[in-house]
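Structural description and commentary
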Amino acid sequence: MNHQTASAVAFGAILRENPAAARFYDNCTPAQREAILLQLQELPPENIRAFVEELPSAAL
């Protein structure tokens, strides 16, 4: 599994554990979701959980 795929899988799993972040992501426009996923690709795997936890306070 490459880095992008692993990050996406981890993001989805962690997002399901965090209802506030999931609601925030669900309410994003397609462009905002794309921006989030592009940021995700730049993160090391150990920072994905913190990234998801901060999503509800993100200013896109």
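Numbering of residues starts from 1 in each chain and follows the order in which that chain's sequence is written. At least 70 in pLDDT is required for a residue's local features to be given in this predicted model, at least 80 for side-chain atom pairs to be given and counted, and no such filter applies to totals for whole chains, interfaces and linings, which use all residues. Remark: hydrogens and water are excluded; side-chain values derive from all non-hydrogen atoms of the structure.

What about the overall build of the protein chain?
Just so we agree on the cut-off: Numbering goes from the N terminus for both helices and strands, where a helix is a DSSP run of H or I of at least four residues and a strand is a run of E of at least two. Only C-alpha atoms enter the radius of gyration; for comparison, a globular chain is expected to reach 2.2 Å times N to the power 0.38, where N is the number of residues. Burial classification: accessible surface area is computed with a 1.4 Å probe over protein chains only, and a residue below 20% of its type maximum counts as buried, one above 50% as exposed, and the rest as partly exposed.
Helix and strand content of the protein chain: 4 helices and 0 strands. Of the regular secondary structure in the protein chain, the N- to C-terminal order runs α-α-α-α. For 60 residues, the compact-globule formula gives about 10 Å, and the C-alpha radius of gyration of the protein chain, at 11 Å, lands near that figure. When its C-alpha atoms are laid out on the principal axes, the protein chain stretches across 30 × 25 × 15 Å. The proportion of buried residues among the 60 residues of the protein chain is 30%.

A short note on the nonpolar core
What counts here: Buried Ala, Val, Leu, Ile, Met, Phe, Trp, Tyr and Cys residues form a nonpolar core when they are joined through side-chain atoms within 4.5 Å.
With 15 residues, the main nonpolar core has Phe11, Leu15, Ile36, Phe51, Val52 and Leu55 as its most contacted residues. Among the elements of the structure, helix H1 (3–17), helix H2 (19–26), helix H3 (30–42) and helix H4 (48–54) are those that each provide at least two residues to this core. Among the elements that line this core, the one with the most residues is H2, at 4 residues.

Section: the environment of Pro30
On the secondary structure map, Pro30 appears in helix H3. On the basis of relative accessibility, which here comes to 70%, the residue Pro30 falls in the exposed class. With 28 residues separating them along the chain, Pro30 and Ala58 place their C-alpha atoms 16 Å apart.

Considerations on the pattern of salt bridges
One side chain can pair with another of opposite charge once the charged atoms of both are near each other. This is how it is decided: Salt-bridge detection follows one rule: a side-chain nitrogen of Lys or Arg within 4 Å of a carboxyl oxygen of Asp or Glu.
Following the criterion strictly, the structure yields 1 salt bridge and no others. Between Glu17 and Arg49 there is a salt bridge whose closest N-O contact spans 2.9 Å. Placement of Glu17 in helix H1 and of Arg49 in helix H4 is noted, with a sequence separation of 32 residues between them.

Focus on the packing of H2 against H3
So the rule is basically this: Note on geometry: axes are C-alpha line fits, over the in-contact stretch for helices, and angles between N-to-C directions span 0 to 180 degrees. Convention used here: angles under 35 degrees read as roughly parallel, angles over 145 as roughly antiparallel, angles from 65 to 115 as roughly perpendicular, and any remaining angle as oblique. When checking whether two residues touch, look at their non-hydrogen atoms; a contact exists if any pair is within 4.5 Å. Think of it as three bins: nonpolar holds Ala, Val, Leu, Ile, Met, Phe, Trp, Tyr, Cys and Pro, charged holds Asp, Glu, Lys and Arg, and polar takes everything else, Gly as well.
Packing of H2 against H3 brings their axes to within 9 Å, and their N-to-C directions diverge by 125°. Relative to H3, the element H2 lies oblique. On H3, the residues that touch Phe24, Tyr25 and Asp26 of H2 are Arg33, Ile36 and Leu37. Of the residues contributing to the contact of H2 with H3, the split by class is 4 nonpolar, no polar and 2 charged.

None of this, on its own, says anything about what the molecule does.
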